[in-house]
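Now for the letters of each chain:
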Amino acid sequence: MTEQDGKQKKPRWSAERIPDQAGRVSVVTGANSGLGLATTQALARRGGHVILAVRDEEKGRRAVADITADRPGASLEVRRLDLADLDSVRAFSDALHTDHARLDTLVNNAGIMAPPRTASAQGHELQFACNHLGHFALTGLLLDLLAAGRRDPRVVTVTSVNHRKAHLRFDDLNSERDYGPMACYDRSKLANAVFGHELHRRLTASGSPVRSLLAHPGYTATNLQTSGPTGLVELLFGRVLRPLAQHPAAGALPQLYAATAPDARGGDLIGPDGPGELRGGPTRVALAPAAVDAATGQRLWEVSERLTDVRFPFPAAE
């Protein structure tokens, strides 16, 4: 965390400062590439047991092979999870409950960006379904395992600097009347931010030991910009601007800080400290006013419960 100490700046926080993770169990969604892979690698290097929640199990197994080649004996397991399919989310949760009695960290990292308009298995717009609804349902279904975590259990939800330019359209959350690939991506990232902050409010009000934090990676070179977008979006982010992006190991630092740093606080948004929050070391940054608005949080929560049929085991915050 970069902070002024008189006229001196403290050294930037790095992955080498992650506390010992021995005995901790973490789930990382989208763990086979990009930010998720970098997060998994860093947690495994510090001795944690990491569950790679991935849509493609073969890619997950290749990621495990790469990690164990660098760190033999790393404690890893691969489990299938398609966040765009709520049946898959429930199946993942059921299997995890069978095999694990507790969970210490959930990193809601996976996402898709700016594809042509597509519907999820349950008929929701794909970015809203995968980036928000799937993670909302997953968190609710795993909250009891997190509450049983050994020490300081956390949920980290990954948003984007773009959440600040978005507005939630509650009368058209599925973008049936007006679909813009990047606009819908930005709205899904605002939904992540609203959810993470509302979760913080509700956890605090209920006295839960679980903490909710948020992170964004700035501008990082991952396959997010190339595996989904088409046309001008892919040209701009996947080719023209890509040389300016930071490496995934650097982009993952905000979510690693949120997941592990002792002084990270519930409700914090952690992002890069550089110009425009596009790159740099992790620091506390501001959430958009819409993300902390209680009425917006309440409304999105109620809609998300209805669309996912997942109810969290605590009352709403006052």
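Residues numbered from 1 in each chain as written. Predicted model: local features only at pLDDT ≥ 70, side-chain atom pairs only at ≥ 80, totals over all residues. Heavy atoms only, no water.

Draft legend 1. Quick peek at helix H4 (residues 126–147). With 22 residues, H4 should cover 32 Å at 1.5 Å per step; its first-to-last C-alpha distance of 30 Å lies within 8% of that length. Within H4, the axis deviates most sharply at Leu 141, by approximately 40 degrees. Extensive coverage of H4 is indicated by the burial of 20 of its 22 residues. Two or three places before Gln 127, at the opening of H4, Glu 125 has a side-chain oxygen 2.9 Å from that residue's backbone nitrogen. (Helix = DSSP H or I, 4+ residues; strand = E, 2+ residues; numbered from the N terminus. Expected span 1.5 Å × (residues − 1). Bend = angle between axes of the 7 residues up to and from the residue. Buried < 20%, exposed > 50% of the residue type's maximum accessible area, 1.4 Å probe, protein only. Polar contact = N/O pair within 3.5 Å; in protein donor to acceptor, adjacent residues only side chain to side chain.)

Draft legend 2. Here's a closer look at the packing of aromatic side chains. Across all of its chains, the model carries seven aromatic pairs by this definition. Judged by centre distance (4.6 Å) and plane angle (55 degrees), the ring pair of Trp 301 and Phe 312 falls under tilted. On the criterion of sequence distance, the pair formed by Trp 301 in helix H11 (residues 294–308) and Phe 312 in the segment after H11 is long-range, its members being 11 residues apart. Take Trp 301: its relative accessible area is 3%, and that puts it in the buried class. One aromatic cluster is present, built from ring pairs that chain together Phe 136, Phe 195, Trp 301 and Phe 312. (Phe/Tyr/Trp six-rings, centres within 6.5 Å; stacked < 30°, edge-to-face > 60°.)

Draft legend 3. Expanded view of helix H9 (residues 253–260). Counting buried residues in H9 gives eight out of eight residues, a clear majority hidden from the surface. Along H9, the residues that are buried comprise Leu 253, Pro 254, Gln 255, Leu 256, Tyr 257, Ala 258, Ala 259 and Thr 260.

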